Amino acid sequence: MLLPISLGLSAALRRVLHQRPDVFDRMDLSQHRTVCIAPTDMPVSFQISLGGLDPRVRAIACRDTRPSDARIEAPIRTLINVFEGREDGDAVFFSNDLWIEGDTSLIVGLRNALEEAELTLADLLPLGLPILSARQAGPDGPSRQGAR
């Protein structure tokens, strides 16, 4: 079940890198690096492989313990708010609503690259996948509706 999600997210990542090769220029991607984004309220995490010739995203079960260079954990709503710029990542981190482990310089570089590129969530999702926006989320969490 996770393979189609992985393939779609990997295609979206490659599309962004092809359309915007400058996005990750500020990051040292001469070596293969991995970042795991783990929504704490979802049964799946996303391992992003950067650098090298084969950038990809793998959707993995939360119990999967594949090693990563860095890991970010937070509720999905917090992750989306930080990504969309509605919450300050530093403030969320220091309030203990977001956890980082591993190579923090990789996380900071990724955050800065995404912020500078002014990407939207739609830019990083496979074409046709409904967008889960925090704006659509009620007080009890994300809604099931998506919009594009």
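Going by the structure above, here's the rest.
A brief structural summary.

About the thresholds
Residues numbered from 1 in each chain as written. Predicted model: local features only at pLDDT ≥ 70, side-chain atom pairs only at ≥ 80, totals over all residues. Heavy atoms only, no water. Helix = DSSP H or I, 4+ residues; strand = E, 2+ residues; numbered from the N terminus. Buried < 20%, exposed > 50% of the residue type's maximum accessible area, 1.4 Å probe, protein only. Contact = heavy atoms within 4.5 Å. Phe/Tyr/Trp six-rings, centres within 6.5 Å; stacked < 30°, edge-to-face > 60°. Pairing = 2+ DSSP bridges. Axes fitted to C-alpha atoms, helices over the stretch in contact; angles between N-to-C directions.

1. Things to note about the overall build of the protein chain
For the protein chain, the helix and strand inventory stands at 4 helices and 5 strands. Along the protein chain, from the amino end to the carboxyl end, the secondary structure elements read α-β-β-β-β-α-α-β-α. Taking all 148 residues of the protein chain together, 38% fall into the buried category. Summarising the internal contacts of the protein chain: among those between residues at least 6 apart in sequence, 59% fall at separations of at least 24.

2. Focus on the packing of aromatic side chains
Enumeration according to the criterion identifies 1 aromatic pair in this entry. Relative to Phe94, the ring of Phe93 has its centre 5.1 Å away and its plane inclined at 75°; by these criteria the two rings are edge-to-face. With relative accessibility at 64%, the residue Phe94 sits in the exposed group.

3. Brief notes about the side chain of Ser6
Positionally, Ser6 belongs in helix 1 (residues 2-19). Residue Ser6 is classed as buried on the basis of its relative accessible area, which comes to 10%. When sequence neighbours within four positions are dropped, the list of residues in contact with Ser6 reads Val57, Arg58 and Ala59.

4. Quick word on the sheet that holds strand 4 (residues 70-74)
Taken in spatial order, the 5 strands make up an open sheet running 3-2-1-4-5, and their pairing is mixed. The sheet is open, and its two edges are formed by strand 3 (56-61) and strand 5 (99-102), each paired on a single side. With strand direction ignored, the average angle separating the axes of adjacent strands in the sheet is 20°. Where helix 1 meets the sheet, it contacts strand 2 (44-50) and strand 3, and its direction lies at approximately 155° from that of strand 3. Most of the contacts of helix 4 (residues 104-117) go to strand 1 (residues 33-39), to which it runs at about 80°, and overall it touches strand 1, strand 2, strand 4 and strand 5.

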